[in-house]
Amino acid sequence: MLLLQTIHGHWRWVLALVAVLVIVKYALSLIQKSRYEGIDVTLGKAFAAVVTVQFALGLINIVGRLSGATGAMYRQAWEHTFTGIIITGLAHMLVPMTRKRGYLVGLIIALVSLLLMFVNVATVRGGWIY
């Protein structure tokens, strides 16, 4: 279980990198008024995949920890999981909403996802870097 927890903890850096790439690409495309391209779809799908892997790893960790957890840890684990569900849902909305509504909506979704990621890690660990 410790190995999965370690991978889950370090995977957040991959997640942050892909999120920053999406945000930078969408912001540049918005500023340049570019058409929606294949790279945008690829980045959006990569973002959704990375978030899904993070959520799956986290879910496995939570199930393992909840078997012996009580009290505050129990509540905190469920809050962390619920926020992960929201982030995963937003990540999977990125490509269709950007395709349909444009880069501004995609940029907002990516920024909200990244903000929720930071808050989610901070509530569990006390900060993004620990």
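Residues numbered from 1 in each chain as written. Predicted model: local features only at pLDDT ≥ 70, side-chain atom pairs only at ≥ 80, totals over all residues. Heavy atoms only, no water.

K.L.:
So what's going on with a nonpolar patch on the surface? Residues and values would help.
P.N.:
Where nonpolar side chains cluster on the molecular surface, the patch consists of Leu-30, Leu-104, Ile-108 and Val-112 and spans about 320 Å² of accessible area. Top contributing element to the nonpolar patch by residue count: helix H4 (residues 103–125), with 3 residues. Inspection of the secondary structure assignment puts Val-112 in helix H4. (Patch = residues over 30% accessible without salt bridge, like charges linked within 9 Å, V, L, I, M, F, W, Y side chains within 5 Å. Areas by Shrake-Rupley, 256 points an atom, 1.4 Å probe, with all protein chains shown as cover. Salt bridge = Lys/Arg side-chain N within 4 Å of Asp/Glu carboxyl O. Helix = DSSP H or I, 4+ residues; strand = E, 2+ residues; numbered from the N terminus.)

K.L.:
Describe H4, listing the residues and the values that go with them.
P.N.:
The terminal C-alpha atoms of H4 lie 32 Å apart, and with 23 residues this matches the ideal 33 Å at 1.5 Å per residue to within 8%. Buried within H4 are the following residues: Tyr-103, Gly-106, Leu-107, Ile-109, Ala-110, Ser-113, Leu-114, Met-117, Asn-120 and Val-121. (Expected span 1.5 Å × (residues − 1). Buried < 20%, exposed > 50% of the residue type's maximum accessible area, 1.4 Å probe, protein only.)

K.L.:
So, the nonpolar core: which residues are in play, and what are the values?
P.N.:
In globular proteins that are soluble, nonpolar side chains generally tend to be buried together. Val-22, Tyr-26, Phe-47, Val-51, Leu-94 and Met-117 are the most contacted members of the largest nonpolar core, which has 21 residues in total. Taken together, the elements giving at least two residues each to this core come down to helix H1 (2–32), helix H2 (38–66), helix H3 (72–101) and H4. Not counting residues within four places of it along the chain, the set of residues in contact with Tyr-26 comprises Tyr-36, Asp-40, Gly-44, Leu-94, Thr-98, Tyr-103, Gly-106 and Leu-107. (Core = buried A, V, L, I, M, F, W, Y, C linked by side-chain atoms within 4.5 Å. Contact = heavy atoms within 4.5 Å.)

K.L.:
A description of the pattern of salt bridges should follow, citing residues and the corresponding values.
P.N.:
For the coordinates displayed, the defined rule picks out 2 salt bridges. Salt-bridge contacts for Glu-37 lead to Lys-25; the nearest nitrogen and oxygen are separated by 3.6 Å. Of this pair, Glu-37 sits in the loop between H1 and H2 while Lys-25 sits in helix H1; the two residues are 12 residues apart in sequence, bridging distant segments of the chain. What makes Glu-37 partly exposed here is its relative accessible area of 39%. Salt-bridge contacts for Asp-40 lead to Lys-25; the nearest nitrogen and oxygen are separated by 3.0 Å. Within this pair, whereas Asp-40 is found in helix H2, its partner Lys-25 is found in helix H1, the two being separated by 15 residues in sequence. Residue Asp-40 is classed as buried on the basis of its relative accessible area of 0%. Several salt bridges share partner residues, and in doing so they unite Lys-25, Glu-37 and Asp-40 into one network.

Fair warning: the whole summary comes from geometry, so function is off the table for now.
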